[in-house]
Amino acid sequence: MASLPLTSVVILGGTGQQGRGLAQRFARVGLRVIVGSRDPDKARAVIAGWPGGGQPIDVASNTEAAAQSDLVVIAVPFASVDALLAEVAGRFTEGAVAIDLTVPVTFNAGKMAMLEVAEGSASEHIRARVPARVGLAAAFKTIPAHLLSELDTPLDCDEFVCGDTDEARARTVALVQLLPGLRAVDVGPLSRARSIEGMTALAIAINRRHKIHDARFRIVGL
Ligand SMILES: NC(=O)c1ccc[n+]([C@@H]2O[C@H](COP(=O)([O-])OP(=O)(O)OC[C@H]3O[C@@H](n4cnc5c(N)ncnc54)[C@H](OP(=O)(O)O)[C@@H]3O)[C@@H](O)[C@H]2O)c1
């Protein structure tokens, strides 16, 4: 629920392109951040090289990390989601909310393509692999990693949130809005992830066509 205090967040794959900016930005707004990794020692070494500021960032194996907060961001490549969830799904706490930011795009010889996902979207694919007691939301799919990692640059955009329960959406909206310059736009049920993931592909295409790096979205009239 939106009124529940947000005190901590787990980021599985938090050393990666997308996860690292989120991890550092959440630590800077005062959350306890736990980064999950396949190799915690390597992850600790990576994080030691980050500029710091805010709360210290903890590291654990993915399996251990998944149980350490009731908000768990899934920030690994889509191709590795099945293996990750087979390992960690049983570890989510009762009432936890998982937040999916994966996008099923592939890059072959520089050419981008969307993968066909039988369930309709990466988020719905993940829904089928996470226990029913865990709420699932999607967020942080359209914001570019490059921008998230420029910690002092205002994000200055909207971030779409969809999810399968009111609580999952509300808690994710609250998490998004902790980050200065980011406005959460609740777009409804989890199936809207199909559109959001398509918009990420559109942003990548805009970046390429216009030789920029930070294309993102702002809804007018809202
Ligand atoms: N990059 C962007 O601009 C962007 C924007 C929006 C959404 N996304 C989405 O965010 C997700 C992560 O993208 P990314 O660019 O951050 O990916 P990435 O840097 O390649 O990987 C993220 C982390 O996932 C873990 N990982 C990598 N391969 C794995 C495997 N085979 N099995 C388990 N874990 C693995 C690694 O952490 P450890 O080595 O510590 O385990 C890695 O640091 C993707 O689904 C992507 O679609 C990315």
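This text goes with the structure placed above it.
Keep in mind that this is a model prediction, so the values were computed, not measured.

Q: Which residues make up the overall build of the protein chain, and what values do they have?
A: Along the backbone of the protein chain there are 8 helices and 10 strands. Here the protein chain has a C-alpha radius of gyration of 16 Å; the compact-globule value for 222 residues is 17 Å, and the two agree. Overall size of the protein chain, expressed as C-alpha extent along the three principal axes, is 40 × 40 × 40 Å. Counting all 222 residues of the protein chain, 43% fall into the buried class. Sequence-distant contacts in the protein chain: of pairs separated by 6 or more residues, those separated by 24 or more amount to 73%.

Q: Pulling in residues and values, what's your account of the site of the ligand?
A: In the vicinity of the ligand there are 24 residues, among which Gly 13, Gly 16, Ser 37, Ser 80 and Thr 102 approach most closely. In terms of residue class, the shell around the ligand is made up of 11 nonpolar, 10 polar and 3 charged.

Q: Go over unusual backbone geometry with me, naming the residues and quoting the values.
A: Negative phi values dominate among residues other than glycine, just as trans dominates among peptide bonds. The residue Phe 140 is not glycine, and still its phi comes out positive at about 60 degrees. Mapped onto the fold, Phe 140 is located in the loop between β8 (135-138) and α6 (145-149). The class for Phe 140 is buried, based on 25 C-beta atoms found within 10 Å. In this model, Lys 211 sits at a positive phi of 55 degrees, which is unusual for a non-glycine residue. Relative to the helices and strands, Lys 211 is located in the segment after α8 (193-210). Taking the number of C-beta atoms within 10 Å as the measure of exposure, Lys 211 has 6 and is therefore exposed.

Q: Before we move on, can you summarise the environment of Val 130 with the specific residues and values?
A: Counting through the fold element by element, Val 130 comes out in the loop between α5 (122-127) and β8. For the pair Val 130 and Phe 92, spaced 38 residues apart in sequence, the C-alpha separation works out to 8.8 Å. Residues contacting Val 130, with those up to four places away along its chain left out, are Leu 85, Ala 89, Ala 98 and Leu 136.

Q: Describe the sheet that holds strand β4 (residues 71-74), listing the residues and the values that go with them.
A: Strands sit in the order β3-β2-β1-β4-β5-β8-β9-β10 across an open sheet of 8 strands; the sheet is mixed. Here the strands that pair on one side only, and so sit at the sheet edges, are β3 (57-61) and β10 (182-188). Each strand axis lies, on average, 25 degrees off the axis of its neighbour in the sheet, ignoring direction. In terms of strand pairing, β4 meets strand β5 (residues 97-100) through 4 bridges, oriented parallel. Residue pairing in the sheet places Leu 71 in a bridge with Val 97 of β5. Against the sheet, helix α7 (residues 166-177) touches β1 (8-12), β4, β5, β8, β9 (157-163) and β10, its axis set at about 160 degrees to β9.

Q: Go over the pairing of strand β6 (residues 105-108), please, and point to the residues and values.
A: Taken residue by residue, a regular strand's side chains alternate between the two faces of the sheet. Pairing analysis gives 4 bridges linking β6 to strand β7 (residues 111-114), with the strands arranged antiparallel. Its bridge partner lying in β7, Thr 106 is registered against Ala 113.

Q: Quick one: what's the story with the nonpolar core, residue by residue and with numbers?
A: Core analysis: the biggest nonpolar cluster contains 59 residues, and Leu 12, Val 72, Val 73 and Ile 74 have the highest contact counts within it. Among all residues touching Val 73, those that are not within four sequence positions of it are Val 9, Val 10, Ile 11, Leu 12, Leu 22, Ile 99 and Leu 101.

Q: Before we move on, can you summarise the environment of Pro 5 with the specific residues and values?
A: Positionally, Pro 5 belongs in the segment before β1. Remark: the alpha-carbon pair of Pro 5 and Leu 175, spanning 170 residues in sequence, is separated by 10.0 Å.

Q: Mind laying out α7, listing which residues take part and the relevant values?
A: With 12 residues, α7 should reach 16 Å at 1.5 Å per residue; the first-to-last C-alpha distance of 16 Å fits that figure. Within α7 the residues assigned to the buried category are Ala 168, Arg 169, Ala 170, Arg 171, Thr 172, Leu 175 and Val 176. Contacts from the buried residues of α7 go to β1, β4, β5, β8, β9 and β10.

Thresholds applied
Residues numbered from 1 in each chain as written. Predicted model: local features only at pLDDT ≥ 70, side-chain atom pairs only at ≥ 80, totals over all residues. Helix = DSSP H or I, 4+ residues; strand = E, 2+ residues; numbered from the N terminus. Rg over C-alpha atoms; globule rule 2.2 N^0.38 Å. Buried ≥ 20, exposed ≤ 12 C-beta atoms within 10 Å, placed from the backbone. Contact = placed C-beta atoms within 7 Å. Near = placed C-beta within 6 Å. Nonpolar A, V, L, I, M, F, W, Y, C, P; charged D, E, K, R; others polar. Pairing = 2+ DSSP bridges. Axes fitted to C-alpha atoms, helices over the stretch in contact; angles between N-to-C directions. Core = buried A, V, L, I, M, F, W, Y, C linked by C-beta atoms within 7 Å. Expected span 1.5 Å × (residues − 1).

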